[in-house]
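Chain by chain, the residues:
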Amino acid sequence: MQKLKRNTDRSAKEPFNFAVAMRKLRSALRTYTKAAMFELADEGFSSLFEQLVACIISVRTLEAVTLATSRKLFAVARTPRQIAPPFQCNRSMS
């Protein structure tokens, strides 16, 4: 079995420049639209509940469908209570 040689000559390798990498990433990503979750948060749908519901919707749909569906839902109901009011049971449990 042949042993792999390690490169011990550190001077041959330039250090990673994080600032340059981030600049290049931002530039490359500029052409893409924001993810639905960020777009909804920017529109004011930023509560934990709204983000969770939109996330669940997004798991099963495309971004455009996630945005449209979430906006329609939040136009009607933005809290758990508005979506499903508490169930009132009139029967005694005895």
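The structure under discussion appears in the preceding block.
In this report, the structure presented in the accompanying data block is examined.

The rules behind each value
- Residues numbered from 1 in each chain as written.
- Predicted model: local features only at pLDDT ≥ 70, side-chain atom pairs only at ≥ 80, totals over all residues.
- Heavy atoms only, no water.
- Helix = DSSP H or I, 4+ residues; strand = E, 2+ residues; numbered from the N terminus.
- Contact = heavy atoms within 4.5 Å.
- Salt bridge = Lys/Arg side-chain N within 4 Å of Asp/Glu carboxyl O.
- Buried < 20%, exposed > 50% of the residue type's maximum accessible area, 1.4 Å probe, protein only.
- Expected span 1.5 Å × (residues − 1).
- Arc of directions from axis to C-beta.

**Section: the side chain of Ser70**
Phase 1: Its location among the elements puts Ser70 in helix α4 (residues 63-76).
Phase 2: Residues within four places of Ser70 in sequence aside, it is in contact with Leu40, Ala54 and Ile57.

**What about the pattern of salt bridges?**
Phase 1: Applying the stated criterion across every chain, the model contains 4 salt bridges.
Phase 2: Of the charged contacts in the structure, one is a salt bridge between Lys34 and Asp42, with a shortest N-O distance of 2.1 Å.
Phase 3: Here Glu50 ties to Arg78 by a salt bridge, and the two come within 2.5 Å at their closest N and O atoms. Taken together, the residues Glu50 in helix α3 (residues 48-60) and Arg78 in the loop between α4 and α5 (80-83) connect sequence positions 28 residues apart.
Phase 4: For Glu50, a relative accessible area of 3% translates into the label buried.
Phase 5: For Arg78, a relative accessible area of 35% corresponds to the partly exposed category.
Phase 6: What emerges from the salt-bridge pattern is a single network uniting Glu39, Glu43 and Arg71.

**Some thoughts on α4**
Phase 1: In this model α4 runs 20 Å from its N-terminal to its C-terminal C-alpha over 14 residues, within 8% of the 20 Å that 1.5 Å per residue would give.
Phase 2: Taken together, the buried positions of α4 are occupied by Thr66, Leu67, Ser70 and Phe74. Angularly, the buried residues of α4 cover 95° about the axis, an arc narrow enough to put them on a single face. With respect to the buried face of α4, the exposed residues turned more than 90 degrees away are Ala64, Lys72, Ala75 and Val76.
Phase 3: Buried positions along α4 lie against α2 (36-42) and α3.

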